[in-house]
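# Structural overview for review
Each chain, letter by letter, is given below.
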Amino acid sequence: MEEVRLSPLRQTSVKSTLSGRSTPRGSPRGHSGRTPRREGRGAVQWFRSSRLVYWLLLITLWTYLGFYVQSRWAHDNENKVEFLRFGGKLRKDVLHVEKSKEMGGVGNETSDPLVSITGKDDAGGNKRTDVSLSKKDDGASRRSLSSRQKTKKPGRASRSKISGKQKVSKEVETKALDDEQDPQLPMTNATYGKLLGPFGSLEDRVLEWSPHRRSGTCDRKSDFKRLVWSRRFVLVFHELSMTGAPISMMELASELLSCGATVNAVVLSRRGGLMQELNRRRIKVVEDKGEVSFKTAMKADLVIAGSAVCTSWIDQYMNHHPAGGSQIAWWIMENRREYFDRAKPVLDRVKMLIFLSESQSKQWLTWCEEEHIKLRSQPVIVPLSVNDELAFVAGIPSSLNTPTLTPEKMKEKRQTLRESVRAELGLTDADMLVMSLSSINPPKGQLHLLESVALALAEREQEAQRSLKGVIRKEKVSLSSKHRLRGSSRQMQSVSHTLDKGVTKLKQELKVLLGSVGSKSNKVGYVKEMLSFLSSNGNLSKSVIWTPATTRVASLYSAADVYVTNSQGVGETFGRVTIEAMAYGLAVVGTDAGGTKEMVQHNVTGLLHSMGRSGNKELARNLLFLLRNPDKRLQFGIEGRRKVEKMYMKQHMYKRFVDVLVKCMRP
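Here's a quick rundown of the structure. (Residues numbered from 1 in each chain as written. Predicted model: local features only at pLDDT ≥ 70, side-chain atom pairs only at ≥ 80, totals over all residues. Heavy atoms only, no water.)

On to the nonpolar core, then. Ranked by size, the top nonpolar core spans 92 residues in total, and within it F224, L235, W331 and F657 carry the most contacts. Counting contributing residues, this core receives three or more from each of domain 1 (223-385 + 655-665) and domain 2 (393-471 + 507-648). Ignoring anything within four residues of it in the chain, the contact list for F657 reads F224, L252, I304, W331, I354 and V382. Among the nonpolar cores identified, the runner-up in size contains 40 residues, and A454, V544, V562 and A620 belong to it. (Core = buried A, V, L, I, M, F, W, Y, C linked by side-chain atoms within 4.5 Å. Buried < 20%, exposed > 50% of the residue type's maximum accessible area, 1.4 Å probe, protein only. Domains from an automatic or database assignment. Contact = heavy atoms within 4.5 Å.)

Next up, the structure:
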């Protein structure tokens, strides 16, 4: 049979005919041999043909990427420069700001970014470095925040104005108890005579270890960790100065974070140098201290306010959220009547008050009885503690110890650090360094300390003159008997020169180190009064050394021999620096009042004296006693260190804090 070949055109027409309808239009349909059409194929075709789905996916990915970048930008300061450099050359102005931030870090030599630090250049001359980054950065961040809010929600402009007014009013109220400060004194040797430190870089070099990478060391087996895990906390800072209350709140925030909690910080006043340290520790600071902070606090399991100065914020928060007082634990760290008068309108509205010492608790409860204020619960006493970093350098066992950095090894390194810092300060082994680190204002009593040191130096000089007169008489007798003369003038001049050098040496045995220069809590008028007193006492000014405010104090404690807590009025509330000095084996001299007498046992861990100018002579005698008896000085230091290890370490503080969490935190 002859094969019939079809043209390509015919093949196509046959294929199309077979693939289409094979029966006439009007004929009845029978069983079709075609494969049934899949029902899911229509959805796939719709997905492929719809552009809306592609756009939705693209928008979702873009939004996620934007939130990711914004989160990394806000919380990872170390990679900002690399991020800005991506895709092109980094702008010079941005690079300058980033480098300035690195130079102004707390761990750097210029630890306080809001003051100008004076050091010596390579040629030996003085130079002055002015750093004012924090304030500018805060302003820039607020401007960028407001611009984003305007872009996103223009209708919130009126609320922004109200919030701005609230900010101004609260800042004014925050400073109500503080005297108005004059412009900052120039931080130069011309102003202070001798301004040295801080010694952060020297400390890192000698110890071969830096606390910059450490932000919290949680005890995973503790009840504190079990209670705070996955809970939310808001911590209210009254300011960011390098003083006891803000530093203690910062360390509490770090501990909460390391134990798995979520922490937000509300800062009422940004004066001070701790903002960069908060950023380094990844402690999130709420930009607004008004409505935004109130909403954040409402979502928290516990709000901890760290000062009596937080009264205004607590009052406004409870007006905004009436039930909010049931979740507030108020850690009050002041002990003066003016702070109580300020706080009394809201004392009975918060869940619990926390005090630092027995004396402070008794004082505040007495004032509450006088004002007929009934508290909602019994106050709890939670003393401060020595943090892990300082304990580690002091050679006290802590969570930072490693097989290569044992407590014994750290004691050796601390001795090397002591020698290095004392060499920088120009001290000899015979010198006794008396140190006092705190904000410089009348309640701290630094002027009384200088007056007492002046008395001690005068007594020391008179004592030296009396002893040297006896030596002169003996020398004359021995020379005349030896040479059968009453003494030649040349020999007498030689003896007098030798004795004068001995007197000078005796004058230089007592040295004083005062901090914290440049702290935002200092009263400039009081500092000027102290400088005027020094200028009128030339011999005293030669024995005084000043040092800037810093959080790197391990090097200073290592170099010192005696620590003085000379608080006036009702005395020191607690004295965090007191237990830190005791941890480093320093003999402590303090006023017989407040929390100091709870920590310092007279003639056991140190010496106590009366307050006011009447106590100046007692303080002078105590300093001379320690100067004449170095063995007794060392014994006081050993006993003080034992007491700190027994009562004032980190684990002791957080064990007491468990009681606060159990009673105040949401179930």
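So that's the structure; there's more coming.
What follows is about the pattern of salt bridges. Summed over the entire model, instances satisfying the criterion amount to 31 salt bridges. Where R613 meets E451, a salt bridge forms, and the shortest distance between an N and an O atom there is 2.8 Å. Highlighted residues: R613 in the loop between β15 (606-609) and α26 (616-628) and E451 in helix α19 (residues 446-483), separated in sequence by 162 residues. Residue classification places R613 among the exposed residues on the basis of a relative accessible area of 51%. One salt bridge in this structure joins K663 and D659, with 3.4 Å as the shortest N-O distance. Of this pair, K663 and D659 both sit in helix α28 (residues 650-664), four residues apart, which is roughly one turn of the helix. Exposure remark for K663: the relative accessible area of 45% places this residue in the partly exposed category. In this structure, a network of salt bridges that share partners links the residues R337, D341, K344, E370 and E371. (Salt bridge = Lys/Arg side-chain N within 4 Å of Asp/Glu carboxyl O. Helix = DSSP H or I, 4+ residues; strand = E, 2+ residues; numbered from the N terminus.)

Across its twelve residues, helix α21 (residues 524-535) extends 16 Å between first and last C-alpha, which sits within 8% of the 16 Å expected from 1.5 Å per residue. Within the span of α21, buried status applies to V524, Y526, V527, M530, L531, F533 and L534. (Expected span 1.5 Å × (residues − 1).)

Evaluation of the coordinates by the stated rule reveals 14 aromatic pairs. Between F340 and W364 the ring centres are 5.4 Å apart and the planes differ by 80°, which places this aromatic pair in the edge-to-face class. Of the two residues, F340 is situated in helix α15 (residues 337-343) and W364 in helix α16 (residues 358-370); the sequence distance between them amounts to 24 residues. For F340, a relative accessible area of 0% gives the class buried. With a relative accessible area of 0%, W364 lands in the buried category. Sitting above the plane of the W229 ring, K225 keeps its charged end 4.7 Å from the centroid. (Phe/Tyr/Trp six-rings, centres within 6.5 Å; stacked < 30°, edge-to-face > 60°. Lys NZ or Arg CZ within 6 Å of the ring centre and 35° of its normal.)

Next up on the list: the pairing of strand β13 (residues 562-565). Here β13 shows a buried face lined by V562 and V564 and a second buried face lined by Y563 and T565. Pairing of strand β10 (residues 432-437) with β13 involves two bridges; the strand directions are parallel. Looking at the pairing, M435 lines up with Y563 of β13. (Pairing = 2+ DSSP bridges.)

With that settled, the discussion passes to the sheet that holds strand β7 (residues 328-331). Pairing within the open sheet is parallel, and its seven strands lie in the order β5-β4-β3-β6-β7-β8-β9. Of all strands in the sheet, those bounded by a partner on one side alone are β5 (284-285) and β9 (380-381). When strand β3 (residues 232-237) meets strand β4 (residues 262-267), the two strands line up parallel, connected through six bridges. Residue pairing for β4: F237 is matched across the bridge by V267. Along the sheet face, α28 touches β3, β6 (302-305), β7, β8 (352-355) and β9 and points at about 170° away from the line of β8. (Axes fitted to C-alpha atoms, helices over the stretch in contact; angles between N-to-C directions.)

To continue, consider the state of the cysteines. Taken as a whole and assessed by the stated rule, the structure comprises one disulfide. One disulfide bridge connects C218 with C259, the sulfur atoms lying 2.0 Å from each other. With the S-S dihedral at roughly 105°, the linkage between C218 and C259 falls on the right-handed side. With C218 in the loop between α9 (200-207) and α10 (223-228) and C259 in the loop between α11 (244-258) and β4, this pair connects stretches of sequence that are 41 residues apart. (Disulfide = S-S within 2.5 Å.)

So, on to the pairing of β4. Within β4, five of the six residues are buried, leaving the element largely enclosed by the surrounding structure. Each parallel crossover has a hand, and for β3 linked through α11 to β4 it is right-handed. Bridging between β4 and β5 involves two bridges; their strand directions are parallel. Within β5, the position partnered with N264 by the bridge is K284. Taken together, β4, helix α12 (residues 275-280) and β5 form a β-α-β motif whose crossover is right-handed. (Right-handed = clockwise from strand over helix to strand, strands pointing away.)

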